[in-house]
Each structure stands twice: as structure tokens, then as C-alpha cells.
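Chains, contacts and geometry: an overview
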Amino acid sequence: FFKDLFVENGKMKGIVCCVLVLTSAAVVVDADEFVDITSKDARFARSVPDDGWKDEKDNNGRIIGTFVTECVKSSFFNPDASNFVNVSSLKTIRYNEDNTFQLDVTEYLAEFEEHQCKPSKTKVFAKWEMNGTVEYRGQNKVDHTLSNGIWTHEYSRWTFPNSFGTETSNTIKIMNEECPCGGTWEEGVTREIDGDDCRKPEPHEKLFYLCNFVMGRSAYGVYKWLSTNAYVSSTVKFDSVQGWNSKPTTAIKHKIIESGVHDPSDCTYQIWNECGPGITDANDNCDGCDGLECEGCLYIELPERQDPLAVGTCCPCMYYYAESYGDEWMKIQC
């Protein structure tokens, strides 16, 4: 419904919407559910093996929980940036039982490649957050392995790269022309948009891709479960004919398997022996994160690849560490 991205021969093309980069002709977004891909844009894809997830997805096929992609060594906002600087991005999205969602896409500027996607060792290059609702429309009638969905924006917060390339300046120019929403879009300046800040688009009005989102136009797409706790999705379109005829082309999103054990007293010395080193390293690397970004950072820092249950297992010890050292941001939904 909102974002992931596009790459050709290892390089980003065009503009990304979910986090956005664009050309005057077309906009491309890697907001996974929120991406617009044109026929000339190759999709950035990863091959990821089955992680052996054991949890079961919602019986109705809904997406419930917090999902994270791997650290991507490129920029959605400015696809050329990785040719000149160490830029990376991390996407985290949470789907709730009440059919709402929260999305966070944070891009980082690092001095050294080994510091990519580590908030404490980088500067924020760009950031995109979005809250909204999702309507699950059941099995796709063309491809029965897919499920249909409709995503709608309610609130978003944007920080575009500051004075870095023409893609961003072109994006800002177009958004100020088509969807100023009672204010001014600027490079490097954080702006919050509520659903009531913008005028409602006309039924057949053609708009810039990101303007469709902030102006509240519903987006249509499909998603597919790869395992009980991992899925892929299509880029979204702004009508059901195109959106529900799309194919999943986004990066795989892996679920953070939660234990719900938040009591620091449940962090025994045996669990700390297993989780302590990872938690300490995660604290060193993720300190400075913001909101949902923290959950994504802790996911990629803890040994999920070796143990899909790592975050849930280590959860009480993260709360123990948070209370011991005053790092409240480590009290994530785990």
C-alpha cells in the first residue's frame, strides 16, 4: 500500500514513493505495498530462503504484526545517492488487529559501510512515516495464491534529503504544485500531514504518485504469504483494475515473532547469557532510533537469521536492560 523500490543492474531508477525518488516522467516507490512501478522500471528483488517460521498467520489471511525488511544499501528518495555516499535504508511496518497500520522508512548516511542502518553511527538522510487503514478484500479471483487489499492514508510525516541531487528538488517542486496541503514542502525540513490538511482529489484527476497518498486516495494492491511469517506484496495502484492485477514484486518482509513477556524479572541469568551480548550490541548500534524504527533496528541487530524467535526470547531482557540503564526506547512490542 505504501513503499519499497526499483533497481536495475544494482542501481536505483527513477523516483521512489514510499520514500520517494522520481523523474519528471514517472515515479517509483519502494514502499512495497506502496510502490508504483512502470513497465520500464525493473523491480528490486531479493531471494531469501525459507526461515522455518513456526507461528501461524491470521486465519482470514490478514497481515497482523510487525514486519521488517533487511537493510537495503540504497536510497528510495535519491537513487543516485549510493554512487557518492554510504546511504542505506530500513523499512518497518506494523499491522494491527483493528485494521490500521504504521509504516516507517528511515534512510541513513554513514561514514563507513559497516555502519549502514545503525542509527547511533549515522545521520538521518531521509525519513517517511505513515499511518492509515487497510481493508482486506479476500482472495484474488485471478490468482488464487494472492490476497487483495485497499490501503488509505490518514497521517504521515516526511523528511526529504537536504540539497542532495535534482531528484529531490524535482519531487518537492511537483508536490508544492499539486498537493501543497496548506503549507510548503521543503528539502531537509520535517513536515506532518493529516488527512484533513489536503483537498480531496477529483475522481479522475491525475496526480503525482505521492500526492495521491497524502490527499487520501485509496490504493489497491495484492500480497502473498511465502511462509507463516513472511510475505511479499505488489506495488499499489489507485484503481482496483490495475492494482488487483498486479504481481508481488517487493522485498520480503519478515515478522517479528513476539512472546509478550515484558517483565524484567523474567530475564533469568540463563536467558541473559544467550541474549545479553546481542542486546548490548543492539543498544550500541540502535541508540538514537525513533519509534517504529527501533523495532526494525533491534530485529536486524539480534540474531534472527539463526533463531527466528530471538526477539521474543530476548524480550524480557531488553526490558531489563532498558530499566537498568534508562534506555526506554528498547521497550518495544516484542
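Residues numbered from 1 in each chain as written. Predicted model: local features only at pLDDT ≥ 70, side-chain atom pairs only at ≥ 80, totals over all residues. Heavy atoms only, no water.

What follows is about the overall build of the chain. Scanning the chain for helices and strands turns up 6 helices and 14 strands. Put simply, of all contacts in the chain between residues at least 6 apart along the chain, 65% involve residues at least 24 apart. (Helix = DSSP H or I, 4+ residues; strand = E, 2+ residues; numbered from the N terminus. Contact = heavy atoms within 4.5 Å.)

Where a strand is regular, its side chains alternate between the two sheet faces. Taking every second residue as pointing to the same face, both faces of strand β6 (residues 65-68) are buried, with G65 and F67 on one and T66 and V68 on the other. With 4 bridges connecting them, β6 and strand β7 (residues 86-95) associate as antiparallel partners. Paired with V68 across the bridge in β7 is T92. Relative to strand β14 (residues 253-255), β6 runs antiparallel, the two being bridged by 2 bridges. Within β14, the position partnered with F67 by the bridge is K255. (Buried < 20%, exposed > 50% of the residue type's maximum accessible area, 1.4 Å probe, protein only. Pairing = 2+ DSSP bridges.)

What follows is about the environment of R157. Mapped onto the elements, R157 comes out in strand β10 (residues 147-159). Sequence separation between R157 and D194 is 37 residues, and the spatial gap between their C-alpha atoms is 8.8 Å. The residues contacting R157, other than those within four sequence positions of it, are K127, W128, E129, T190, R191, E192 and D290. Only 2.6 Å separates the side chain of R157 from the side chain of E129, close enough to count as a polar contact. At 2.9 Å, the side chain of R157 and the side chain of D290 are in polar contact. (Polar contact = N/O pair within 3.5 Å; in protein donor to acceptor, adjacent residues only side chain to side chain.)

At a closest axis distance of 9 Å, the pairing of helix α4 (residues 269-286) and helix α5 (residues 292-301) adopts a crossing angle of 135 degrees. The orientation of α4 with respect to α5, classified from their angle, is oblique. Here α4 and α5 pass one another in a crossing that is right-handed. Residues A282, N285 and C286 of α4 lie in contact with α5, whose contacting residues are C297, L298 and E301. Its residues placed into classes, the contact of α4 with α5 shows 4 nonpolar, 1 polar and 1 charged. (Axes fitted to C-alpha atoms, helices over the stretch in contact; angles between N-to-C directions. Parallel < 35°, antiparallel > 145°, perpendicular 65-115°, else oblique. Left-handed = near helix turned anticlockwise from the far one by under 90°. Nonpolar A, V, L, I, M, F, W, Y, C, P; charged D, E, K, R; others polar.)

Taken as a whole and judged by the stated rule, the model has 14 salt bridges. We note a salt bridge from D104 to K127, for which the minimum N-O separation is 2.8 Å. Pair noted here: D104 is in strand β8 (residues 100-110) and K127 is in strand β9 (residues 122-139), with a separation of 23 residues, a long-range link. Both residues of the pair, D104 and K127, count as buried. The salt bridge partner of E301 is K118, with a shortest N-O separation of 2.9 Å. With E301 in helix α5 and K118 in the loop between β8 and β9, the pair connects residues that are 183 residues apart, well separated along the chain. Assessed through its relative accessible area of 16%, K118 is described here as buried. Because the salt bridges share partners, they merge into one network encompassing D104, K127 and E293. (Salt bridge = Lys/Arg side-chain N within 4 Å of Asp/Glu carboxyl O.)

Y95, W158, W185 and V214 are the most contacted members of the largest nonpolar core, which totals 42 residues. Of all the secondary-structure elements, those providing two or more residues to this core are β7, β8, β9, β10, α1 (166-178), α2 (209-214) and β12 (219-227). Per-element tally for this core: the top contributor is β9, with 6 residues. Leave out the neighbours within four places in its chain, and W158 touches K127, W128, M130, W185, V189, T190, R191, I193, L210 and V214. Listed in part, the 28 residues of the second largest apolar core include C267, A282, C286 and C334. (Core = buried A, V, L, I, M, F, W, Y, C linked by side-chain atoms within 4.5 Å.)

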